[in-house]
Each structure stands twice: as C-alpha cells, then as structure tokens.
Amino acid sequence: MPPPTDRAAKSSTTRSDVRTYKGIGVSPGIAIGRALIIETRVASIYRVPIREEDVQSEVTRFLEALDKTREELLELKQKVSRSMGEEYASIFEAHAMIVTDASFADKVAQKIEFEQVNAEWALSEVEEELQARFQSFDDEYLRDRVADIKDVSERVLVNLQGIAHHDLSEIKHDVIIIADDLTPSDTVHFNRRPIVGLVTEGGGRTSHTSIIAKSLFMPAVIGVPRVTKVVDNDETIIVDGYEGIIIVNPTPALIEEYLSRTTRHAEAEKKLLENRDVPAVTRDSIRISLQANIELPEELDDAVKFGAEGIGLYRSEFLYISKSPLLPTEEEHFNTYRMLAEAVAPNWCVIRTFDLGGKKLAREVMGSKEDNPVLGLRALRLCMKHRDMFKTQLRALLRASAFGKIKIMFPLVSGVQELRQVKTLIREIRNELDIEGIAYNKELQIGIMIEVPSAAIIADVLATESDFFAIGTNDLIQYCLAIDRSNENVSYLYEPLHPALLRLIKGVIDAGKRAGIQVSMCGEMAADPIYATVLIGLGLEIFSMNPSSIPIVKNVVRAVRYRDCKRIADTALLKKTAQEIEEYVIESVAMRFPEGLVNKPE
Ligand code: PEP
Ligand code: MG
C-alpha cells in the first residue's frame, strides 16, 4: 500500500498517482465515483482590529455577503415552494427579511465602524445581542425567532468567509462526497443516487451519520485524516466500506478488480438472504427475535426484504430532522406512526420519542448552543422542557396506538424520577383523550432505553416501573467508557467488549428476566455477528439492528447452541481487557465457522 501523501507532496507528483488512505469502514459496500469535496466547519471567529482607512471596505465586504445571502435565501424559497409548498417556503422568506432588515445590517455596520473591527466579529457580537434580547421575551413566537437569527447569521458568516454552500440534494451526477464532517441531517437529505459513497475526516463507528449511511446502503469510510486536503475535486475514488479504505486515482485494473469484488459480495449477500423466511432459532431451540432499527419510513421495505420481525427501534427524531426547520404537526406524527404500525402488523413497532439534542440538530427547539451537548439538554430531558412539542408527539402516539401494535420508548432515562414524570404526563394526555372521546390502547406498553450507566446499574429498580427495556449500546458505551461516539480521535477506545460493558449488559438482562419484562438490544453491537454469540450467551433474546444485518446474524443464531454461547459469555466475563475478550471470542467464532460467517458450519 503506498503511503498517504498530502497536498504538498502531491504537487511534485502527477495527478494520476494511485493513493490509498485508511479510515474506518462504517457502511459496507464498494462505491466508485468522482470526488466532491465539501467543507462544513465554520472557522473560528477572532476579533481583528482594522485601520480607520479600511473601515469602509470592511462594511462593503459585509454588505456584499448580506446581499449574497439574501439572493440565496430567495432562491431557496422558490425551490422549496416548488417542491414542498408555500408553508415551508415561508421560513426562508422570513430569513430573507431578517437579512434585509435595516436594523440588523445597520447594527453590524455600526459596530465595524465604531469599534474598528472585522465584519465576522461584529456580526457574531450582534447575533449574540439579538439572541439574548429575543430569548428574554415572554412571547413564545418571538423567543422561537432565536433559531432564525442563528441560522441567518451562520449563512452570512459562511459567505463572509467564502466557504461554498452545497445543496447536496441538487447534485445530479455520480459522486463520492468527501467532507470534514457531516451532520445526520446532511446525510438524511442525500438521494440514494447520484451520491454513491461518503468519506469523512470526523465521525465514529456509531455516530448517527454512520448509522444513516448504513440505512441508505451508502458505502462509507470515516475517520480518514485530512481527507479534504489530500484529495482533489473530480479525482476518481474507490470507497471500500468493507475494509475501511479509499483508493484515489485507481488504475483500470484496480477498478476492474473492485467491480468483480462487488459481484462476489452481492452473490454472498444473496446467499444469506436464503434464510429470510426461516426462524432465528439456536440448535438447542432458543428462539431469538431479530427486529429492525429504522430512521426513515422508506426503510420499511428493507425491513421486510431482510426478514425483520417487527420494528425494534424507530428513531422518530428523523421525522423532525427531515422536516426541519418546521416541527411536525400532530397529524404528521399520527399518520407516520399509524402507517408504520399497520405496515409491520402483526409484529410490534417500538417508537422511540424524539432523541434530539446532543449531536442531532435541534436548532429550532434548543435556541442556544451548549458547551457539552452530549451531556446536556438531550432526548427526554429536552422533550420534558419543551412540553408543548412533546405533548404533540405523545398525543399522536397514543392515538396511533388504537390502530396497531405500538410500544412507546423513552431515550436517555437516567433514573426512576424521570420515568415517573413522563408517565404522569402520559396520564394527563390519556385523561384529555378520554374527555375528547378519542380512542387509544389502554394497555399501551411504556418502556425505556438503557443507555446511561446509572440506568443500567439500577435496572432492577427501573424494571419495577417500566414495561420493557432496550439496551442502547451506542450511548451506553459512550457514557460508560467516556468516549465520544462521534470523535475519530478516541474511536480506538470504543470497545463494546470492554469488561465493564459486558457486566452492565448482563446486569440489565438479568434484572429484566427477574422482573419478567422483555429486554432487547438496539445499539449497533446487536448487529455484529461476532458479538451475537456473547449476547446470546448473556441471555439476550431480542436483537434490533439495521435491516441489512439481519441475515448474517440469523445465520449465526441458527448455527450455534445457547449452551455453547453461555460458556463463551461466562469465560469472557472472567477476562480482564476488551482485547483479551475480543481475541477469545473471535477465536471461538472462527472454530465454529471455519469458512467465515457467510457459510454455515458442517
Ligand atoms: C443507542 O444509543 O444505542 C441507540 C440505539 O440510540 P441512538 O443510536 O439513536 O442514540
Ligand atoms: Mg442512544
């Protein structure tokens, strides 16, 4: 493998040199296309004093950026109005009005003049002042404008700094997106074609961007250092999401080789699908339920195709993210939930209430930025603070429960008190629905995600007040091991088989069993065929995962005995490090599957 080169080194070589870069493969598959580099980070803003004679040109620079922003917003308004209707388009009109508002422009211009500072600094100061003023209003409508000011200021800043805006959904030819980082909302807006692959500098194996890429069957490699600097626009790239590498400027022979690999993978995947209609039962007759995690209703087809037995996790916040900046109405919530429940009948559909905040955009509801968002106003906490928004979702969920087998699940519960508070809110909504004569399922099951270490530790107590548990390992690992799940710098420490994790998982499964409630796992750990043996051995009987992982996990389930898995889990629990456990588990699986996990052992 040739060593990575950077821009400086590249300038002395020809543009046809083959270069390979290593990252983390987070969404399997091979994609071949031409690079499109996008930068999403807004550079830091510094206060730069300017000379008196430069003040006028600085004001002009700001006014030009303002004009450009207004034009962009009006163009966006037209586009949105054509594709989504006037109601949505009015948001952008409102943003254009802020840009045109003389008091906004004057304030920034005056700051540049009086304080003799750069436009970026003046803009950010004015943005802060306006946000503070709007936040102090009693009127909710005015308070909600804080998000608009932030949005508009960011756009102006981007134009001031000359960073190109990309409307990714507009790209019409086959491309590989090369980015410093991508938000889940960027990713969710990708059309499956023409964008054929993703490569980023940032991110983690279980970041939501990675999860979405997998859902879209978009081969993706993340954590490639400086990739936006070492690749040029339009260079041909092979993205190998299986191995976690990208090849820039491949030779025709390499392209040929990768195309034939794609065919081989497709054949292997087709073979795996042969088990679609057989149940997931171990050789000693333990029945395992394999369910689907979905983010977008469009994934229902995949859930059916790969043989999911219901939806174990619908990440409802993506309903919000795809509608942002608007909040979904009660009818939009209701229609989505009813449709999902009816589509998966007679199986269950577990709908998780909004898990916004953290790294998942929640601009419209958050208002201000947090220093530590992952430990901040996120998920259930955010929803309980914004009761009106939350009640809209809960009312719709209760109403939809009359039409199918729906269960409600709350994210990021850290203790009993939070669970009691939200259950009180649900009782209030039930009373309202009773008064209005609106039907709902009176036996509706209410469960929680176990993804905060405190919840896992007191799982026995929570089990007395919760109808079911779903272990969310993506966050449980993050919070237990103090590893930001989206941070490429510490991704090497993100270890699902860490002894602390295995003990927590075992404790939760045991507590659920003792209390007689169901325990599932819907974190990415549940989708890994190697880990499946340990999890079965720990007593897990419900796995929920991205639909395309179901066939391979089912193959493992059908090939093993629970009693062997228990032996593997018991031995793993005695080991001291994640590495020791991993080596031991891999070795045990290799003995059972000498030809690899795709083929069944003799
Ligand atoms: C988890 O944390 O494991 C989980 C399933 O939720 P999310 O990935 O959406 O945070
Ligand atoms: Mg989570």
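Above this text you will find the structure in question.
What you are looking at is a predicted structure, and each value in this text was computed from that prediction instead of being measured. (Residues numbered from 1 in each chain as written. Chains lettered and ligands numbered in written order. Predicted model: local features only at pLDDT ≥ 70, side-chain atom pairs only at ≥ 80, totals over all residues. Heavy atoms only, no water.)

1. Some details on the site of ligand 1
Next, step 1: H208, R315, R352, N474 and R485 are the nearest of the 17 residues found near ligand 1.
Next, step 2: Backbone polar atom of G472 to an oxygen atom of ligand 1: 3.4 Å apart, as the coordinates give it.
Next, step 3: At 2.7 Å from an oxygen atom of ligand 1 is found a side-chain nitrogen or oxygen belonging to R485.
Next, step 4: Considered on its own, ligand 1 offers 290 Å² of accessible surface; in the complex 100% of this is hidden by protein.
Next, step 5: Of all the elements in the fold, those that place two or more residues in the shell around ligand 1 are α8 (208-215), β10 (311-315) and α20 (473-481).
Next, step 6: The biggest single contributor to the shell around ligand 1 is α20, with 3 residues.
Next, step 7: Of the residues assigned to the shell around ligand 1, the class counts are 4 nonpolar, 5 polar and 8 charged. (Near = heavy atom within 4 Å. Polar contact = N/O pair within 3.5 Å; in protein donor to acceptor, adjacent residues only side chain to side chain. Areas by Shrake-Rupley, 256 points an atom, 1.4 Å probe, with all protein chains shown as cover. Helix = DSSP H or I, 4+ residues; strand = E, 2+ residues; numbered from the N terminus. Nonpolar A, V, L, I, M, F, W, Y, C, P; charged D, E, K, R; others polar.)

2. Considering helix α24 (residues 562-574)
Think of an α-helix as 3.6 residues a turn; residues three or four steps apart then line up on the same face.
Next, step 1: Along its 13 residues, α24 runs 19 Å from first to last C-alpha, staying within 8% of the 18 Å computed at 1.5 Å per residue.
Next, step 2: Along α24, the residues classified as buried are D564, C565, I568, A569, A572 and L573.
Next, step 3: As for α24, its buried residues are in contact with α21 (499-515), α22 (529-537) and α25 (578-592). (Expected span 1.5 Å × (residues − 1). Buried < 20%, exposed > 50% of the residue type's maximum accessible area, 1.4 Å probe, protein only. Contact = heavy atoms within 4.5 Å.)

3. So, the sheet that holds strand β1 (residues 19-22)
Next, step 1: Taken in spatial order, the 8 strands of this open sheet run β1-β8-β7-β3-β4-β5-β6-β2, and their pairing is mixed. Looking at the sheet topology across the chains shown, the edges are occupied by β1 and β2 (24-27). Going across the sheet, the axis of each strand differs from the next one's by a mean of 30°, ignoring polarity.
Next, step 2: Bridging between strand β5 (residues 195-200) and strand β6 (residues 220-222) involves 2 bridges; their strand directions are parallel. The residue of β6 that forms the bridge with V199 is V221.
Next, step 3: Sitting on the sheet, α8 touches β2, β5 and β6, and the angle it makes with β2 is about 55°.
Next, step 4: Relative to strand β3 (residues 30-38), helix α10 (residues 252-272) is tilted by about 120°, and along the sheet it contacts β3, β7 (236-240) and β8 (245-248). (Pairing = 2+ DSSP bridges. Axes fitted to C-alpha atoms, helices over the stretch in contact; angles between N-to-C directions.)

4. Overview of the coordination of the magnesium ion (ligand 2)
Next, step 1: Every protein donor of the magnesium ion (ligand 2) is accounted for by E451 (OE) and D475 (OD), and the metal-donor separations fall at 2.0 to 2.1 Å. Linking E451 in the loop between β13 (445-450) and α18 (453-457) with D475 in helix α20, this pair joins segments that are 24 residues apart in sequence. Both residues of the pair, E451 and D475, belong to the buried class. (Donors = N, O, S within 2.8 Å, 3.2 Å for Na, K, Ca; no water.)

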